[in-house]
Amino acid sequence: MPATYNILIMGASYGSLLASKLLFGGHQVKLVCLPQEADLINAEGFRVRLPIRGRKDPVEIDSRKLPGKVSAGGPADVDPTEYDLVGLAMQEPQYRSAGVRQLLDAVARSRVPCMSIMNMPPLPYLKRIQGLNTDPLKTAYTDPSVWDSFDPRFLTLCSPDPQAIRPPGEKINMLLVTLPTNFKAARFAADEDTAILRQMQAEIEAARYDPGDGPIDLPVKLKVHNSIFVPLAKWAMLLTGNYRCVTPDHAIDIKDAVHNDPAISRSVYDWVCGLCERLGASPDDLVPFEKYASAALDLVRPSSAARALFAGAPNIERTDRLVQTIAAQYGMRNAVVDQTVAVVDARIAANRKAAA
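Cut-offs used in this document
- Residues numbered from 1 in each chain as written.
- Predicted model: local features only at pLDDT ≥ 70, side-chain atom pairs only at ≥ 80, totals over all residues.
- Heavy atoms only, no water.
- Phe/Tyr/Trp six-rings, centres within 6.5 Å; stacked < 30°, edge-to-face > 60°.
- Buried < 20%, exposed > 50% of the residue type's maximum accessible area, 1.4 Å probe, protein only.
- Helix = DSSP H or I, 4+ residues; strand = E, 2+ residues; numbered from the N terminus.
- Contact = heavy atoms within 4.5 Å.
- Pairing = 2+ DSSP bridges.
- Axes fitted to C-alpha atoms, helices over the stretch in contact; angles between N-to-C directions.
- Parallel < 35°, antiparallel > 145°, perpendicular 65-115°, else oblique.
- Left-handed = near helix turned anticlockwise from the far one by under 90°.
- Nonpolar A, V, L, I, M, F, W, Y, C, P; charged D, E, K, R; others polar.
- Expected span 1.5 Å × (residues − 1).
- Salt bridge = Lys/Arg side-chain N within 4 Å of Asp/Glu carboxyl O.
- Polar contact = N/O pair within 3.5 Å; in protein donor to acceptor, adjacent residues only side chain to side chain.

Caption draft 1: Quick look at the packing of aromatic side chains. For the structure on display, the rule yields 6 aromatic pairs. On the numbers, 5.7 Å between centres and 40° between planes, the contact of tryptophan 147 with phenylalanine 150 is tilted. Overall, tryptophan 147 belongs to the buried group, its relative accessible area being 2%. Arranged with centres 5.4 Å apart and planes meeting at 70°, the rings of tyrosine 269 and phenylalanine 289 form a pair that is edge-to-face. Of the two residues, tyrosine 269 is situated in helix 8 (residues 262–279) and phenylalanine 289 in helix 9 (residues 289–296); the sequence distance between them amounts to 20 residues. Judged by relative accessible area, which is 1%, tyrosine 269 ranks as buried. On the basis of relative accessibility, which here comes to 8%, the residue phenylalanine 289 falls in the buried class. Among the aromatic residues, those joined into a cluster by ring pairs are Tyr95, Trp147 and Phe150.

Caption draft 2: Just helix 11 (residues 319–329), in detail. Along helix 11, the positions that sit buried rather than exposed are Thr319, Asp320, Leu322, Val323, Thr325, Ile326 and Ala327. Elements in contact with the buried residues of helix 11: helix 4 (123–126), helix 6 (234–242), helix 8 and helix 12 (335–355). A positive phi of about 70° marks glycine 331, the residue just after helix 11.

Caption draft 3: Representation of the pairing of strand 8 (residues 155–159) in the model. Across the 5 residues of strand 8, 5 count as buried, placing the element largely inside the fold. Burial along strand 8 is two-sided: Leu155, Leu157 and Ser159 facing one way and Thr156 and Cys158 facing the other are all buried. The sheet contact formed by strand 7 (residues 114–116) and strand 8 spans 3 bridges and is parallel. Counterpart to serine 116 in the pairing with strand 8 is leucine 157. In this sheet, strand 11 (residues 183–186) lies alongside strand 8 in antiparallel orientation, the contact comprising 2 bridges. Looking at the pairing, cysteine 158 lines up with alanine 185 of strand 11.

Caption draft 4: Molecular detail of the packing of helix 8 against helix 11. Running from amino to carboxyl end, helix 8 crosses helix 11 at an angle of 55°, the nearest separation of the two axes being 11 Å. As far as their axial angle goes, helix 11 and helix 8 are oblique. The chirality of how helix 8 crosses helix 11 is left-handed. Facing Trp271, Val272, Leu275 and Leu279 of helix 8, the residues of helix 11 in contact are Val323, Ile326 and Ala327. Considering only residue class, the contact of helix 8 with helix 11 consists of 7 nonpolar, no polar and no charged.

Caption draft 5: Structural view of helix 5 (residues 191–206). Relative to the 22 Å expected for 16 residues at 1.5 Å per residue, helix 5 spans 22 Å between its end C-alpha atoms, a close match to the ideal helical length. Residues of helix 5 that are buried: Asp193, Thr194, Ile196, Leu197, Gln199, Met200, Glu203 and Ile204.

Caption draft 6: Structural view of the pattern of salt bridges. Counted under the stated rule, the structure contains 21 salt bridges. Here glutamate 44 and lysine 171 are joined by a salt bridge, their closest N and O atoms 3.1 Å apart. Here lysine 171 lies in the loop between strand 9 (163–165) and strand 10 (174–179) and glutamate 44 lies in helix 2 (residues 35–44), a separation of 127 residues in the sequence. The salt bridge partner of aspartate 143 is arginine 101, with a shortest N-O separation of 2.6 Å.

Caption draft 7: Inspection of the side chain of serine 303 at higher detail. By secondary structure assignment, the location of serine 303 is in the loop between helix 9 and helix 10 (304–309). Residue class for serine 303 comes out buried when judged on its relative accessible area of 2%. Within the structure, the side chain of serine 303 is placed 2.8 Å from the backbone oxygen of asparagine 242, a separation counted as a polar contact. Among all residues touching serine 303, those that are not within four sequence positions of it are Asn242, Cys245 and Ile254.

Okay, structure coming up:
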């Protein structure tokens, strides 16, 4: 029989999507979240609503009906040494908040294998890229010191390609998947840690769910790759779509950011892919622009970063600045990327001034 694992996931919003997949394998999942979220999840579990090709209505997964068991609590309620795998599913700025910061440091010191599903790669993960100087990259992080205790050998990155939101007007234990693509994880440094991910990949592939009219296959798989560069394929998407949703005075949909001027979008996308190849990625690690542009046609909301900025957020994940800073090490610049970073900088500065 395959092993069952105790898994800790920091962040219950996007984290519940990953949790829903892992519960099919019979694993025990603990979600770290806010008190009102934890109380609701402990009382009622969580729901994930998934669009299914060929079905008119989405399928709603109830965590209470899955083989594994989910529970939730605050950052002070957990000891990382009791877990076999930790998932990081919060936004990067959240890791400096009181309680979360201390738990993250305890996770790092525990040397339990840790998989990030953030858009912003944890700083120690980038140390796995040979020849990259990570010191100048600290300026892209809200508080780079929260990552100081991590050993890169026990940290990997999983690209959060599936898109999901908490639908307005519904309970906070509900997640709506708007783009049901796959999680793409890089291997850990050690084979025994990677084996945990490969077991979970196989379990998710084999899982079937009965919505009432017979068992069906569900989208959103976990794909484990040997290349450490595969999760970086998301960078081109973020800089072409997500961050370009931010204009000087309002947020636009990802679809419009990509398709209002396809030639400019393609130039940004190809430039970021070129940077990833300079870092060591092969073209096969990356996603062709045409595939991304097609998927973007369904992304008819502004990105979470744009929504946060126009809701007054003083900090967001800055993958845009990270890519710009990495490119500078290789003598690479892109005028559209520079403009995007400047527009985001200006909106953050305005938000901080308004909050002062």
